Each structure stands twice: as structure tokens, then as C-alpha cells.
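Structural overview for review
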Amino acid sequence: MKQFIILCSVFLLLSGCKTYPLLSDTEGGVFSRDYLIGPGDNIDIIVWRNPEISMAVPVRPDGKITTPLVEDLPASGKTSTQLARDIEETLSKYIQEPVVTVVVTQFVGPYSEQIRVIGEAAEPQALAYRENMTLMDVMIAVGGITDFAAGNRARIIRAVDGEQKQFGVRLNDLIRDGDITANVPMLQGDVLVIPESFF
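These remarks concern the structure in this document. (Residues numbered from 1 in each chain as written. Predicted model: local features only at pLDDT ≥ 70, side-chain atom pairs only at ≥ 80, totals over all residues. Heavy atoms only, no water.)

Before going further, it helps to examine the overall build of the chain. What the chain contains, in helices and strands, is four helices and ten strands. Tracing the chain from N to C terminus, the helices and strands come up as α-β-β-β-β-α-β-β-β-α-β-β-α-β. Relative to its 199 residues, the chain shows a buried fraction of 40%. Taking the contacts inside the chain whose residues are at least 6 apart along the sequence as the reference set, 57% of them involve residues at least 24 apart. Entry remark: accessible area of the chain is about 11,700 Å², with carbon and sulfur atoms responsible for 56%. (Helix = DSSP H or I, 4+ residues; strand = E, 2+ residues; numbered from the N terminus. Buried < 20%, exposed > 50% of the residue type's maximum accessible area, 1.4 Å probe, protein only. Contact = heavy atoms within 4.5 Å. Areas by Shrake-Rupley, 256 points an atom, 1.4 Å probe, with all protein chains shown as cover.)

A word on the sheet that holds strand E5 (residues 100-106). Note on sheets: strands pair through backbone hydrogen bonds, and any given pair is parallel or antiparallel. Here we have three strands laid out as an open sheet, ordered E2-E1-E5, and antiparallel in their pairing. Edge positions in the sheet fall to strand E2 (55-58) and E5, since each has one partner strand and no second. Averaged over all pairs of adjacent strands, the angle between strand axes in this sheet comes to 25 degrees, irrespective of strand direction. One ladder, built from six bridges, connects strand E1 (residues 42-47) with E5; its direction is antiparallel. Paired with Ile45 across the bridge in E5 is Val102. Sitting on the sheet, helix H2 (residues 80-91) touches E1 and E5, and the angle it makes with E5 is about 135 degrees. (Pairing = 2+ DSSP bridges. Axes fitted to C-alpha atoms, helices over the stretch in contact; angles between N-to-C directions.)

With that out of the way, let us pick up the layout of surface pockets. Rolled over the atoms, a probe as big as a water molecule pinpoints where empty space is left. Taken as a whole, the largest pocket spans an internal volume of roughly 200 Å³. Lining the largest pocket are 14 residues, with Tyr35, Tyr129, Arg130, Glu131 and Gln188 positioned closest to its centre. In terms of residue class, the lining of the largest pocket is built from six nonpolar, three polar and five charged. (1 Å grid on protein atoms, 1.4 Å probe; cavity = no way out; pocket = protein on both sides within 12 Å on 5 of 7 lines; lining within 4 Å. Points joined across faces, edges and corners; volume = space filled by probe spheres on them. Nonpolar A, V, L, I, M, F, W, Y, C, P; charged D, E, K, R; others polar.)

Within this structure, the stated rule accounts for seven salt bridges. A salt bridge links Arg170 to Asp179; the nearest nitrogen and oxygen atoms lie 3.2 Å apart. One connected set of salt bridges, linked through shared partners, spans Arg60, Asp62 and Asp72. (Salt bridge = Lys/Arg side-chain N within 4 Å of Asp/Glu carboxyl O.)

Turning next to the pairing of strand E9 (residues 163-168). Sheet topology note: the strand E8 (residues 155-160)/E9 ladder contains six bridges and is antiparallel. Note that in E9 the partner of Arg158 across the bridge is Lys165.

Judged by pairing direction, the sheet is mixed, and its five strands sit side by side in the order E7-E6-E10-E8-E9 without closing on themselves. Edge positions in the sheet fall to strand E7 (125-127) and E9, since each has one partner strand and no second. In this sheet, adjacent strand axes meet at a mean angle of 20 degrees when their direction is disregarded.

So, about the packing of aromatic side chains. Going through the model one piece at a time under the given rule, you end up with one aromatic pair. Between Tyr35 and Phe107 the ring centres are 5.1 Å apart and the planes differ by 85 degrees, which places this aromatic pair in the edge-to-face class. Separated by 72 residues along the polypeptide, Tyr35 in the loop between helix H1 (2-15) and E1 and Phe107 in the loop between E5 and strand E6 (115-119) bring together distant segments of the chain. By relative accessible area, which is 29% here, Tyr35 ends up partly exposed. (Phe/Tyr/Trp six-rings, centres within 6.5 Å; stacked < 30°, edge-to-face > 60°.)

This next bit is on H2. The end-to-end C-alpha separation of H2 is 16 Å, in line with the 16 Å expected for twelve residues at 1.5 Å each. In this fold, the buried residues of H2 make contact with E1, strand E3 (64-67), strand E4 (70-74) and E5. (Expected span 1.5 Å × (residues − 1).)

Listed below in C-alpha cells is the structure:
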């Protein structure tokens, strides 16, 4: 009976230690998209020759904006250029040939574009993606890992060709040993999972 309990314990321990292929600079679909506006962003709307309707507005939690003459216009998930064209279309009912420029001044982005860090990070959180962001940048933003983290068993969940894939990353090697080869690019929508060490 004692041997059976030991075997079950070993099996459970090993089944929780699933490994994933390591992520490298060339794997996992390296790409970059235009910035998409999201709830919490602040935007400046400039209507040429119409300063009375040019203004700075926040994108509401429901992803919409409201300005004079433009009510409840969806903004989330659009580029600044797309939003400017939508505002021009709405304003064309009131102004002849409006010319609109949209400038994003505070960046949060839609949830689907943010990098989320969960598990044994010092400060788990969602981060706004920035161009050329790396694993090291993410670790700096979340304050590193806890003493209980199994850093070399961490993984990134990433959408590749419409399918979710998981890749292993070596956080202990990067943070504690200074192995820069463990630093990999992060992409929009990545989820970094940092598990807890068993002992």
C-alpha cells in the first residue's frame, strides 16, 4: 500500500510538469500590427478649421466615444486612421468635407492586444503592448518573479495562425543567471504563465 501511494504521488508530480517547446527568436509567428485603440485610451480629435468641436476624450469602458455632434461612436479595435474616417463620415452630415485627425495620447489598448502575466509574478497584471517588447521588458514591468516561482517552467500562450500554442521560457536563466539568450520577443495578446514551484 505504501508503494502504491508513493507511485501515485510521483505520477501526480510528473503529470503536473508538462514541458513545452522552448520559444526562440524565430518561432511563434513574429509579426507586428498597427496599434488598435482600446477602452481607457485617451485620444485627441482635431477637426481642421473647427476648433469648437476639436477636443480630447477618453475611450469609455464600453469602447465608445462621444464628442459634440458625434455620439456613442465605437472606437475600440480601430486604428486612429479608421476612427478619423468614421468621425469624418458622421460629421459630414453637419460640416462640408470635414478633415479629422485622431491622435492617441494615453495607451492601454484592447484586452486582446495586451500582454497578461499570471501566476508567480511579483505583480501579476495586464500590460499594454509596445513595439519590440521582450520577455525581459515584461519581467521589469511586473517586478520579476516571487521566491516560490518555477521560472524555468514558465510558458507563453500565443495565438499562431488562429490556433493557441504554448511555448516554454526560461525565466530563472534570464533573471537570476543573466542568460540573455533566454530573452525572447513578446507579441500582442501573449499570456505569460508563471507556475509555482513544488518545493
